[in-house]
Amino acid sequence: PAAHGSIEFQPSNNGNTALDIEAHSPAPPSALTPREHAYVVWVQPPGQKPKDLGQIKVGNHENGELHAETPYQRFKLFITAQQDGQAQAPTGPEVLSATVAQR
């Protein structure tokens, strides 16, 4: 419940969107009920299914980050707690979310 985050995004040189995602104060996934094993970041362009962007590893200070790129300029970005870090679709609880739209 205390988790919060930030997203910085900008166009990259190759036309993608570069993302710097930070999660602050999420509980380790193993401390959740039910117990989970990973936090997975998903990107979902309008009208499409979510795609796995990567995992956020929660460190000793209960912070995590992910640096990634996506070919989309408009999308929902969200983090779920998952049983499997290689999940094919989001099934766990949503921890954080945001909508990103470059101008």
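Within any chain, residue numbers begin from 1 and follow the written order of that chain's sequence. With pLDDT at 70 or above as the cut-off, local features in this predicted model cover only qualifying residues; side-chain atom pairs require 80 or more to be listed or tallied, and sums for whole chains, interfaces and linings still use all residues. Side-chain numbers come from the whole structure's heavy atoms, not from hydrogens or water.

Caption draft 1: Region of interest: the pairing of strand 3 (residues 38-44). Think of it in three bands: residues with accessible area under 20% of the maximum for their type are buried, residues over 50% are exposed, and the middle band is partly exposed, with areas taken using a 1.4 Å probe on protein chains only. Elements are defined by DSSP. Helices are runs of H or I of four residues or more, strands are runs of E of two residues or more, and each kind is numbered from the N terminus. Of all 7 residues that make up strand 3, 6 are buried, and the element is covered over most of its length. At least two DSSP bridges between two strands are needed for those strands to be called paired. Inspection of the sheet shows strand 3 paired to strand 6 (residues 74-82) by 7 bridges, in the antiparallel sense. Among the inter-strand pairings, Val43 is bridged to a residue of strand 6, identified as Leu77. Taken together, the 5 bridges between strand 3 and strand 4 (residues 51-56) define a ladder with antiparallel strand orientation. Each residue of the ladder has a partner; that of Tyr39, found in strand 4, is Ile56. Counting the residues that bridge the hairpin from strand 3 to strand 4 gives 6 residues, and of these Gly47 lies at a positive phi of roughly 75°.

Caption draft 2: The arrangement of the sheet that holds strand 5 (residues 63-70) in detail. Sheet architecture is open: 3 strands sit in the order 1-2-5, paired in antiparallel fashion. The open sheet terminates on both sides in strands that have one partner only, identified here as strand 1 (4-11) and strand 5. For this sheet, the mean angle separating the axes of adjacent strands, direction not counted, is 10°. Of the strand pairs in this sheet, strand 1 and strand 2 (residues 17-24) are connected by 8 bridges, and their pairing is antiparallel. Along strand 2, the bridge assignment pairs Glu8 with Asp20. Angular values range over 0 to 180 degrees, each being the angle between N-to-C directions of two axes fitted as lines to C-alpha atoms, with helices fitted over their stretch in contact.

Caption draft 3: Seen up close, unusual backbone geometry. In this structure, the amide linkage connecting Thr33 to the following residue, Pro34, adopts the cis form with an omega of 0°. By the secondary structure assignment, Pro34 is in the loop between strand 2 and strand 3. Positive phi is not limited to glycine here, since Ser25 has a value of about 65°. Here Ser25 lies in the loop between strand 2 and strand 3. Judged by its relative accessible area of 32%, Ser25 is partly exposed.

Caption draft 4: Layout of the side chain of Thr80. Within the fold, Thr80 resides in strand 6. The buried category is assigned to Thr80, whose relative accessible area is 2%. Only 2.8 Å separates the side chain of Thr80 from the side chain of Trp42, close enough to count as a polar contact. A distance of 2.7 Å separates polar atoms of two side chains, one belonging to Thr80 and the other to Gln82. As used in this structure description, the phrase polar contact means that two N or O atoms lie within 3.5 Å; if the pair is within protein, one of them must be able to donate a hydrogen and the other to accept it, and residues adjacent in sequence are counted only when both atoms belong to side chains.

Keep in mind these numbers describe shape, not what the thing actually does.
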